[in-house]
Each structure stands twice: as C-alpha cells, then as structure tokens.
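A structural walkthrough
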Amino acid sequence: QVQLVLSGGGLVQPGGSLRLSCAASGFIFSMYTMKWYRQAPGSERELVASIGNSGGNSGGSTNYADSVKGRFAISRDNVKNMVYLQMNSLKPEDTALYYCNTYVRARAYWGQGTQVTVSS
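Our subject in this report is the structure included herewith. Predicted model, so just to flag it, every value in this text is computed and none were measured.

Section: the environment of Leu47
- Residue placement: Leu47 occurs in strand E5 (residues 46-51).
- Among the residues examined, Leu47 registers a relative accessible area of 37% and is labelled partly exposed.
- The sequence separation of Leu47 and Leu85 amounts to 38 residues, and the corresponding C-alpha distance is 12 Å.
- Residues in contact with Leu47, not counting those within four places in the same chain, are Lys35, Trp36, Tyr37 and Ala65.

Printed below as a string of structure tokens:
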C-alpha cells in the first residue's frame, strides 16, 4: 500500500526558512519521480517542484515553478525513502497547503498535506 506521510510545516516570518519532509512506503521509491504541490485558499493546486528517479541515491533532474526558482530546493534520499523541500526566503504568497505526490502504476498518490503559513 503506497503511503506518503508529510511533516515540517508551520508558521514562519517572511524571509524565513522551512524544510518539508515526505516519508514514502509501499513502492520501490527510487524508481519514481517525486513532486511537491501546493494549494492556496481559492486557488488551484500548483506544481512546485519535481525530482526524477535517476542519478543514484540522491535522484535525478529537478524542475521548479518559476515562482520558487532560486528559493526552494527539492531533494531525495533513496536509502531512507524520503523526499524533501527546502524553502528559503519565504514570502507571504508561499502560504499554502503543501503536498507530496507520486504516480505509481498510473495512479496518483498524495500525502495528507501540511500547512505552511508565512506571516509577520
């Protein structure tokens, strides 16, 4: 059974940092692309970052939404079955519910979501 369990959200001041973690189980983690999405109130779910399944223990190529390039970094640990989202220089507009995601055998799986609030 595929499971994605998130941790690490919270309240942070503008300019601060947070790291989100997603623990994966129930599938061969190293074989699958992992993604982070977010959804702000009244907005559609937005792809934030993705990391490919190649490149040894730490994964393959990464891609980012323009709105987070240079501030966010996605990474993975194929030994621990973890994917991370390091978020720096946070802005109020980064406030959203964040999810990790993967597709296994053509089915989408989502973590439970973790709230990130950027406010002074």
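Quick look at the state of the cysteines
- Overall, the coordinates contain one disulfide when judged by the stated rule.
- Across the disulfide, Cys22 is cross-linked to Cys100 (sulfur-sulfur distance 2.0 Å). Here the S-S torsion is close to 50°, and the disulfide linking Cys22 with Cys100 is therefore right-handed. Residue Cys22 is located in strand E3 (residues 18-25), and its partner Cys100 is located in strand E9 (residues 96-104); the two are separated by 78 residues in the primary sequence.
- You can call Cys22 buried: its relative accessible area is 0%.

Structural notes on the side chain of Arg76
- If you trace the backbone, Arg76 turns up in strand E7 (residues 72-77).
- Although Arg76 lies buried, it forms no salt bridge, and the closest oppositely charged side chain, Asp77, sits 8.3 Å away as judged by the N-O distance.
- One polar contact links the side chain of Arg76 to the main-chain carbonyl oxygen of Phe29, over a distance of 2.7 Å.
- Only 2.9 Å separates the side chain of Arg76 from the backbone oxygen of Gly52, close enough to count as a polar contact.

Here's the deal with the side chain of Arg71
- Checked against the element boundaries, Arg71 lands in the loop between strand E6 (62-64) and E7.
- A distance of 2.9 Å separates a polar side-chain atom of Arg71 from the backbone oxygen of Ser89.
- Once residues lying within four places of it in the same chain are set aside, the contact partners of Arg71 are Gln86, Met87, Asn88, Ser89, Leu90, Lys91 and Asp94.

Quick look at the sheet that holds strand E8 (residues 82-87)
- Read across the sheet, four strands follow the order E1-E3-E8-E7 without closing on themselves; strand pairing throughout is antiparallel. In this open sheet, the two strands that pair with only one neighbour each are strand E1 (3-7) and E7. Within this sheet the neighbouring strands show an average axis-to-axis angle of 15°, counted without direction.
- One ladder, built from six bridges, connects E3 with E8; its direction is antiparallel. Following the sheet pairing, Ala23 is matched in E8 by Met82.

Notes on the environment of Leu18
- Of note, Leu18 is situated in strand E3.
- Take Leu18: its relative accessible area is 16%, and that puts it in the buried class.

Quick notes on unusual backbone geometry
- Positioned with a positive phi, Asn81 is a non-glycine residue whose angle comes to about 55°.
- For Asn81, the location among the structural elements is in the loop between E7 and E8.
- For Ala106, which is not glycine, the phi dihedral falls at a positive 65°.
- Turning to its location among the elements, Ala106 is positioned in the loop between E9 and strand E10 (107-110).

Rules used in this analysis
Residues numbered from 1 in each chain as written. Predicted model: local features only at pLDDT ≥ 70, side-chain atom pairs only at ≥ 80, totals over all residues. Heavy atoms only, no water. Helix = DSSP H or I, 4+ residues; strand = E, 2+ residues; numbered from the N terminus. Buried < 20%, exposed > 50% of the residue type's maximum accessible area, 1.4 Å probe, protein only. Contact = heavy atoms within 4.5 Å. Disulfide = S-S within 2.5 Å. Lys, Arg positive; Asp, Glu negative; His and termini not counted. Salt bridge = Lys/Arg side-chain N within 4 Å of Asp/Glu carboxyl O. Polar contact = N/O pair within 3.5 Å; in protein donor to acceptor, adjacent residues only side chain to side chain. Pairing = 2+ DSSP bridges. Axes fitted to C-alpha atoms, helices over the stretch in contact; angles between N-to-C directions.

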